[in-house]
Amino acid sequence: MARKTNITDIDNINLQQIRLSALNLQLRSLRFQAKALDSISAEHTAGINLGTSRYYDYLDRTVGVFVTRVKEFLRVADTMPADEACSWIASMAAWKTTIIGQAQEEETFQSSLAVARVKADIAGRPVSPLDDIPSDFTAQEVKAHSFCLTAEKAQLKTFSMQVAATCNLGMEIILTAASEAGKKRDAASTSKAVNAK
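The structure reproduced in this document is the subject of the present report. Just so we're clear, the structure is a prediction, and the values are computed from it rather than from any experiment.

1. Focus: the side chain of Gln-33
Next, step 1: Looking at where Gln-33 falls in the secondary structure, it is placed in helix H1 (residues 15-43).
Next, step 2: According to the relative accessible area criterion, Gln-33 is buried, its value standing at 12%.
Next, step 3: Apart from residues no more than four positions distant in its own chain, Gln-33 is found in contact with Gln-155, Thr-158, Phe-159 and Gln-162.

2. Considering the pattern of salt bridges
A side chain with one charge may pair with a side chain of the opposite charge, provided their charged atoms come close.
Next, step 1: A full pass over the atoms with the stated rule returns six salt bridges.
Next, step 2: A salt bridge links Glu-152 to Arg-117, with the shortest nitrogen-to-oxygen separation between them at 2.6 Å. Of this pair, Glu-152 sits in helix H4 (residues 137-196) while Arg-117 sits in helix H3 (residues 82-121), placing them 35 residues apart in sequence.
Next, step 3: The class of Arg-117 is partly exposed, set by a relative accessible area of 23%.

3. Structural notes on the nonpolar core
Next, step 1: Counting residues in each nonpolar core, the largest one holds 33 residues, and the members touching the most others are Val-63, Phe-73, Phe-159 and Val-163.
Next, step 2: Looking at this core, the elements that each hand over two or more residues are H1, helix H2 (54-76), H3 and H4.
Next, step 3: The biggest single contributor to this core is H4, with 11 residues.
Next, step 4: Discounting chain neighbours no more than four positions away, the residues touching Phe-73 are Met-80, Ala-85, Trp-88, Ile-89, Ile-174, Ala-177 and Ala-178.

4. Focus: the packing of H1 against H2
Next, step 1: Between H1 and H2, the least distance of the axes is 9 Å, while the angle of their chain directions is 170°. Classified by the angle their axes make, H1 and H2 are roughly antiparallel. In this structure, H1 uses Gln-16, Leu-20, Leu-23, Asn-24, Leu-27, Leu-30, Arg-31, Ala-34 and Leu-37 to contact H2, whose residues at the interface are Tyr-56, Asp-57, Asp-60, Val-63, Gly-64, Val-67, Val-70, Lys-71 and Leu-74.
Next, step 2: When its residues are assigned to classes, the contact of H1 with H2 shows 11 nonpolar, three polar and four charged.

5. Concerning the packing of aromatic side chains
Next, step 1: In the structure shown here, the tally under the stated rule is four aromatic pairs.
Next, step 2: With a centroid separation of 5.3 Å and 80° between ring planes, the pair formed by Tyr-56 and Phe-159 is classed as edge-to-face. Residue Tyr-56 is located in helix H2, and its partner Phe-159 is located in helix H4; the two are separated by 103 residues in the primary sequence. Each of the two residues, Tyr-56 as well as Phe-159, counts as buried.
Next, step 3: Over the face of the ring belonging to Trp-88 we find Arg-69, whose NZ or CZ atom lies 4.4 Å from the ring centre.

Scoring rules and cut-offs
- For every chain, the first residue of the written sequence is number 1, and numbering continues from 1 along that sequence.
- For this predicted model, a pLDDT threshold of at least 70 governs which residues receive local features, and a threshold of 80 or more governs which side-chain atom pairs are given and counted, while totals over whole chains, interfaces and linings are taken from all residues.
- Just so you know, side-chain values use all the structure's heavy atoms and leave hydrogens and water out.
- Numbering of helices and strands runs from the N terminus; a helix is a DSSP stretch of H or I covering at least four residues, while a strand is a stretch of E covering at least two.
- Residue burial is assigned from relative accessible area. The probe radius is 1.4 Å, only protein chains are included, and a residue is buried under 20% of its type maximum, exposed over 50%, and partly exposed in between.
- Here a residue-residue contact requires only that any non-hydrogen atoms of the pair lie within 4.5 Å.
- Throughout this description, the term salt bridge denotes a Lys or Arg side-chain nitrogen within 4 Å of a carboxyl oxygen of Asp or Glu.
- What is meant by a nonpolar core is a set of buried Ala, Val, Leu, Ile, Met, Phe, Trp, Tyr and Cys residues, joined one to another through side-chain atoms within 4.5 Å.
- Note on geometry: axes are lines fitted to C-alpha atoms, helical ones only across the stretch in contact, with angles between N-to-C directions running from 0 to 180 degrees.
- Each angle receives one of four descriptions, namely roughly parallel if under 35 degrees, roughly antiparallel if over 145, roughly perpendicular if within 65 to 115, and oblique otherwise.
- Throughout this entry, Asp, Glu, Lys and Arg are counted as charged residues, while Ala, Val, Leu, Ile, Met, Phe, Trp, Tyr, Cys and Pro are counted as nonpolar. The remaining residues, Gly among them, count as polar.
- Only Phe, Tyr and Trp rings take part, Trp by its six-membered ring, and two of them pair if their centres are within 6.5 Å. Stacked means planes under 30 degrees apart, edge-to-face means over 60, and tilted covers everything else.
- In our convention, an over-ring charge means Lys NZ or Arg CZ found within 6 Å of a ring centre and within 35 degrees of that ring's normal.

Structure, rendered in structure tokens:
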């Protein structure tokens, strides 16, 4: 039986904990995306893994380090001087932009390779609309390549979007922590000024 929520329970909700939970799940999802791209890559080389997925692994690890830095900031945000916090945030924002840019560049590059590979595989053979399922085996092979390309490009886009989502959520957490720390500092200095009177 579900527990009834009291209005006072809302005061006890820790939104940063919810964001952190989402961040951890985003990171897990990104790791699975990288593994899916690794499998797709191996399938295109007759089941032999030639290490072409190393860039996804690199991005996955880089985003993992980014998430670790987000968590480090949460531990020190309340005690960090405001100017140091601003410097940290600026550094993380620049790094986020770089990581997302790298993911988008890799998506574009790998998509162009996929298109070229499929064009070579189906060269000279007629391509039917994606929704039509042909009855003869030659056309079915061509159709399989078409679906493969569609799936691979979607997977590449998903990976790139997952990188962006994880990094942007990390920035939300950092900025929220910095804002909350600033409010606490202001409240403490106001309280100190009032007590001094």
